[in-house]
Amino acid sequence: MFAVHLVSFFFSKLQEDPTKKVDRFLYAMRLHDDQLKDISARFQAEMKKGLSAESNAAAAVKMLPTHVRSTPDGTEKGQFLALDLGGSKFKVLQVKVREGMGIRRGGVEMEEKIYPIPKELLSGRGTELFDHVSESLKDFMHEKNISLEKKHPLAFTFSFPCEHSKLDQGLLVNWSKNYRVRGLQGKDVVKTLREAIDRTGGMSVEVLAMVNDTVATMMTCGFDDQYCDVGLIIGTGTNACYMEGLRNVDLVEGDEGRMCINTEWGGFGDDGALNDYITEFDREVDAASNNPGKQIFEKMVSGMYLGELVRLVVLKMAKRGKLFDGQVSDALRTTGKITTAHVAAMEQYKTGLKNTRDILTELDLNPSPDDCVAVQHISTIVSFRSSNLVAAGLAAILSRIKQNRNLRTLRITVGVDGTVYKTHPQYPKRLHKVVRRLLPECHVRFVLSDSGSSKGAALVSAVAQRLASLRRQVDETLCPFKLSQEQLQLVKARMRAGLEAGLKTKGSSAIKMLPSFVYRTPDGTEHGKYLALDLGGTNFRAMMVNFKRQNARLYHKIYTIPLEIMQGTGEELFDHIAQCVSDFLDYMGMKNARLPAGFTFSFPCEQTAIDTGTLVSWTKGYKATDCEGHDVVSMLREAIKRRNEFDLDIVAVVNDTVGTMMSCAYEDPQCEIGLIAGTGTNVCYMEDVKNIEKTKEITGKPEKEEREEDKQDDTTERKKKEVDAELSKMCINTEWGGLGDDGSLDDIITPYDMEVNQNSINPGRQRFEKLTSGMYLGEIVRQVLLDLTRGGLLFRGHVTETLKTPGIFETKYLSQIESDRLALLQVRAILQQLGLEGTCDDSIIVKEVCGAVSRRAAQLCGAGMAAVVDKIRENRGLDHLNITVGVDGALYKLHPHFSRVLKDTARALAPQCNVTFLPSEEGSGKGAALISAVARQMHG
């Protein structure tokens, strides 16, 4: 009975499917999806290491920056020479890139010649190899009748690992393949090529770019497919590259835009990261290679090693009696006798088994049909593992791109080249299927590169030329916004002259220099309860401020001003304000108290005293009738009388700039300047009364009047001196936004500023304000973007209706776009909100335009401030002045760089002044209450 079982077992083994036998033997090579996801995660971790400056030196995956910053967009054009060095032969080419027209992308025409490389040069001196390359280039130019006098741009494909510090510079890290050329490792390969061209002489060539074959493949496919951001080589060797956000590349300065990263992923596993996936056959291949312990991933994947892996598996199975009845031939024992071409032939769809029999027979073996099936299956498992590992690495790269772009789904194209991918009948299909299974949320298209690396290098050069031309034109456009120190000194001088002219009685001045009749800043002794009323926009704010022992408690309520009130009659407007004040006093339970009040009225007014202000003109959408030319304080008093419910002592009317200065002066006694940098811009400061000639016309000399009153009260000489001191300064509301209304800024005004001015509600007026304030900066940016787009430098020349809409580009977008924390993808999202579909390169340009416009605004404010502080210093006869500026306004407070640039400019142009900028917390409302408190103190 036992014998029957033995015979039965023997026959079942004989009849066993030969593929099952191989599956059991090679179970470690058969990777399931969980293992592939694990390998993918490990590769992602290695990519991070390679990108980090701290860990790059020890990283197995080097992640080399290529300095290729953009893929083709179809507008590239030009004629280029190209050299392609990376194997036993090299190519010289002439490449003509034709620009696309309309929706049709451009085309590429090429002529090439292959030159052999003598074997002795592969292990000779570097100069000898490059002299041969250079002489071959000259021969090609002769043969193709290419002018030797005219300068030709040249692109160089060099398929060995290099560290790039620029696009046209690369230090050789190490040779690979069968190259052992001496004296080049660690040297700049482009410099070596240039020196060889000079030695050969008789031709004029400019080497624009050097790239490896992987990058060139991505660029070639990118010319035909705008979604191509990944390059993949699966041939004799293997590698991948992709477009990475520059902010993630520590090894390159700057964080704007993108850069192609050459992963050099063949080194994955050199640090042991793949040890638990490496089989005994991988170890044998590695040990027998000319670089043991290096390029572990490449040895598991690439065409140089796949055939050898199959040979080692077949040999071992034969030795164990699982193939060929245990027979082993000398040919099977010989390294390299099974090639990757054999592997591809064995897996041919219809002729695979026949090919397998022929290959084994050539190896002096006598295979049975089952042996052929088994060996074919070995070949399948080895090549399938290769495509699985490539899929895992590719999934890591695509996942990283998806995360970088913060997308739920990703549409992307991978450009592919290499003999394994091109010639193996099953490889592409398997690779595509596994990538899509590992990343179901990514829509991945694979495009085979035609004429690969040579064409790609020329396209890298064409893109570099396009970007250089674009850069030049954008720089020319933005050049007028970049003010030199000399220009800023001139603005300072003109502002100073305008301040002086405005203080005089005779002659008109663009800077109005309006007296505020505020004679001093707070000293901390202010006490009591004051009402502050604030009207300056679509809201009205009522505030009660209680000053007590250098402390202020505030209570406030905000009321909306309906449009029909803003544009109705003056009586209706002031009745509405009186009603709001009545409600606030009810709310505070203070209806019966006759409180002193300060009125912040942020519209242009001419004052003849601290409690009178004649409205010059409405702004900000107000059109209430019968107000212009009338005293606004009288109109408010009359409205309160009509209501007959409460009484107020309106002590002062002020604008927001003066209110801001007073509010900050309560915190810092050195604060004698107020600055508004928001929707509008203005400055006020404490001027010596003796310099204000126009007040003498309005009220006579205030000092004398006060002295007369003092004499009538029989006051002492000391009291007279105190009054003189009290009245020695007055706050001047400069209304500096008018600088340039007389043409004094015409030399720095750009065509874009002229356009903005022409389309404004007050052409020819407030020229300085139109260069510096939030109401206009966004519109200046829109005008520049419109011009760049019409010139084909932005948004592919597509001018949208949105871009043609005035006011669409609000100044708040400048603050958002210029934020250092904002990645370019978020800039693109802001542009998309505005209906502007742009590329990453477009986003960089938009950010630059915003930066140029806002920087100029801050510099001009800084130059103006330098004029003010220097004037105060000279007024006081000081060598050095310490002073504080109280500041309010969204532009100053919210823009990421405005305040810093303003301070730096003021410091540079007024080096003898130490200026502190103090942002106002409660601003003009609290300031109005303080002015009332100070005025009450002064008048008893």
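Computed from a prediction, not measured in an experiment: that's the story for all the values here.

1. Some points on helix H20 (residues 632–643)
- Over its 12 residues, H20 extends 17 Å from the first C-alpha to the last, a length consistent with the 16 Å expected when each residue adds 1.5 Å.
- All buried positions along H20 are accounted for by Val-632, Val-633, Met-635, Leu-636, Ala-639 and Ile-640. Along H20, the residues classed as buried sweep out an arc of 165 degrees about the axis, all on the same side.
- In the core, the buried residues of H20 are packed alongside strand E15 (528–535), helix H19 (570–588), strand E18 (595–601), strand E20 (612–615) and strand E21 (648–654).
- Two to three positions downstream of the cap, the backbone nitrogen of Val-633 sits 3.1 Å from a side-chain oxygen, assigning the N-cap of H20 to Asp-631.
- Phi turns positive, to about 55 degrees, at Asn-644, one or two residues after H20.

2. Considerations on the pairing of strand E11 (residues 258–262)
- The element E11 is largely enclosed, with a buried count of five among its five residues.
- Neither face of E11 is left uncovered, since the one carrying Arg-258, Cys-260 and Asn-262 and the one carrying Met-259 and Ile-261 both have all their residues buried.
- With two bridges connecting them, strand E1 (residues 64–65) and E11 associate as antiparallel partners. Within E11, the residue paired with Pro-65 across the bridge is Ile-261.

3. Observations regarding helix H3 (residues 33–51)
- Here H3 spans 27 Å end to end across 19 residues, near enough to the 27 Å set by a 1.5 Å rise per residue.
- Every buried residue of H3 is listed here: Leu-36, Ile-39, Ser-40, Phe-43, Glu-46, Met-47, Gly-50 and Leu-51. Seen end-on, H3 carries its buried residues on one side only, within an arc spanning 130 degrees. Within H3, the exposed residues directed more than 90 degrees away from the buried face are Asp-34 and Lys-48.
- Residues of H3 that are buried make contact with strand E10 (238–245), E11, helix H13 (369–404) and helix H15 (427–438).

4. Quick notes on the sheet that holds E11
- The strand order across the open sheet built from six strands is E1-E11-E10-E9-E12-E13, with neighbouring strands paired in mixed fashion. Every interior strand has two partners, whereas the edge strands, E1 and strand E13 (442–448), have only one.
- Those strands touched by helix H6 (residues 213–224) are strand E9 (228–234), E10, E11, strand E12 (410–417) and E13, and its axis lies near 130 degrees from that of E9.

5. Structural notes on the environment of Leu-836
- Structurally, Leu-836 can be placed in the loop between helix H29 (824–833) and helix H30 (840–875).
- In contact with Leu-836, not counting residues within four places along its chain, are Phe-795, Thr-800, Leu-803 and Leu-831.

6. A short note on the packing of helix H4 (residues 126–143) against helix H5 (residues 189–200)
- Between H4 and H5, the shortest axis-to-axis distance is 8 Å and the interhelical angle comes to 60 degrees. Here H4 is positioned oblique relative to H5, judged by the angle of their axes. Judged by the twist between their axes, the crossing of H4 over H5 is right-handed. The residues of H5 that touch H4, namely those facing Thr-127, Phe-130, Asp-131, Val-133, Ser-134, Glu-135, Leu-137 and Lys-138, are Val-189, Thr-192, Leu-193, Ala-196, Ile-197, Arg-199 and Thr-200.
- Here the contact of H4 with H5 is composed, by residue class, of seven nonpolar, four polar and four charged.

7. Details of empty space enclosed by the protein
- The full count for this structure, using the stated rule, is three cavities of 30 Å³ or more.
- Put simply, the largest cavity is a space of about 120 Å³.
- Lining of the largest cavity is provided by 15 residues; of these, Cys-605, Gln-607, Val-654, Asn-655 and Asn-733 occupy positions nearest its centre.
- When contributions to the lining of the largest cavity are tallied by element, the ones reaching two or more residues are strand E14 (514–515), strand E19 (605–609) and E21.

Analysis parameters
Numbering of residues starts from 1 in every chain and runs along the sequence as written. Per-residue local features are limited, in this predicted model, to residues with pLDDT of at least 70; the limit for side-chain atom pairs, both in listing and counting, is 80 or more; totals at the level of whole chains, interfaces and linings are taken over all residues. Side-chain metrics rest on all non-hydrogen atoms present in the structure, leaving aside hydrogens and water. Going along the chain from the N terminus, every DSSP run of H or I of four or more residues is numbered as a helix, and every run of E of two or more is numbered as a strand. To estimate the expected span of a helix, subtract one from its residue number and multiply by 1.5 Å. Buried residues are those whose accessible area, probed at 1.4 Å on protein chains only, stays under 20% of the maximum for their type, while exposed residues exceed 50% and partly exposed ones sit between those limits. Note: the arc covers the axis-to-C-beta directions of the helix. It only takes one pair of heavy atoms within 4.5 Å for two residues to be counted as in contact. For the purposes of these results, a polar contact is taken to be a pair of N or O atoms within 3.5 Å, where, inside protein, one atom must be able to donate a hydrogen and its partner to accept one; residues adjacent in sequence count only when each atom of the pair is a side-chain atom. Any two strands between which DSSP finds at least two bridges are classified as paired. Structural elements are reduced to axes, namely lines fitted to C-alpha atoms, with helices fitted over the stretch in contact, and the angle between N-to-C directions of any two is expressed from 0 to 180 degrees. Orientation labels follow simple angle bins: below 35 degrees gives roughly parallel, above 145 gives roughly antiparallel, 65 to 115 gives roughly perpendicular, and whatever is left gives oblique. If you view the pair so one helix is near and one far, a crossing is left-handed when the near helix is turned anticlockwise from the far one by less than a right angle, and right-handed when it is turned clockwise. Lys, Arg, Asp and Glu make up the charged group, whereas Ala, Val, Leu, Ile, Met, Phe, Trp, Tyr, Cys and Pro make up the nonpolar group; the residues left over, Gly among them, are polar. Site definitions follow a grid-based scheme: protein atoms alone, a 1 Å grid, a 1.4 Å probe that fits but cannot get out for cavities, and for pockets an open set with protein on both sides within 12 Å along at least five of seven lines, plus lining residues having an atom within 4 Å of a point. Grid points are joined across faces, edges and corners, and a volume is the space filled by probe spheres set on the points.

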